[in-house]
Amino acid sequence: MVTAGLVERTPRPGDRRAANLSLTQSGTEILAAWQAANDRRLGQVLERLPESYRNAIENAVPALAALAALLEADDETQNRDQARQNGTRP
């Protein structure tokens, strides 16, 4: 991705073993285009579902968002714990 110009890699200050990765302008534009295309496709498919299924999906969104938040929090905790065990910063 670095070679393709989508991501920029820079040394992490104070820790030569690590690097920071960030999207380039080109990477950001490609990601935005992919997200827009994905949103369109999902919207088109959802429209083909029966209304009862669309309602069920809509009603499930808050629970799925809470699930995703818990998974992310668990990942952050695990990464922080592993960094502490390895003597590095998360």
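Here the residue numbers are simple positions, counted from 1 along each chain's written sequence. Given that this is a predicted model, residues contribute local features only at a pLDDT of at least 70 and side-chain atom pairs are listed and counted only at 80 or more, while totals for whole chains, interfaces and linings are drawn from all residues. The basis for every side-chain value is the complete set of heavy atoms in the structure, and neither hydrogens nor water enter the calculation.

A. Examining the pairing of strand β1 (residues 7–12) more closely. As paired strands, β1 and strand β2 (residues 15–23) are joined by six bridges and run antiparallel to one another. Paired with Arg-12 across the two strands is Asp-15, which belongs to β2. In this structure, the hairpin formed by β1 and β2 is closed by a connection of two residues, where Gly-14 is found at a positive phi of approximately 85°. Only when DSSP finds a minimum of two bridges between them are two strands counted as paired. Elements are defined by DSSP. Helices are runs of H or I of four residues or more, strands are runs of E of two residues or more, and each kind is numbered from the N terminus.

B. A look at helix α2 (residues 51–86). Expected helix span is computed as 1.5 Å times (number of residues minus one). When the terminal C-alpha atoms of α2 are compared, their 51 Å separation across 36 residues agrees well with the 52 Å that a helix rising 1.5 Å per residue should span. Val-61 marks where α2 bends most, by close to 40°; the proline Pro-62 follows one to four residues later. Bending is quantified residue by residue as the angle between axes fitted to the seven-residue window ending at that residue and the seven-residue window starting at it.

C. Structural view of the pattern of salt bridges. Criterion for a salt bridge: a side-chain nitrogen of Lys or Arg within 4 Å of a carboxyl oxygen of Asp or Glu. Applying the stated criterion to the full structure yields one salt bridge. Residue Arg-17 pairs with Asp-15 through a salt bridge whose shortest N-O separation is 3.1 Å.

The quantities given are spatial measurements derived from coordinates; they are silent on function.
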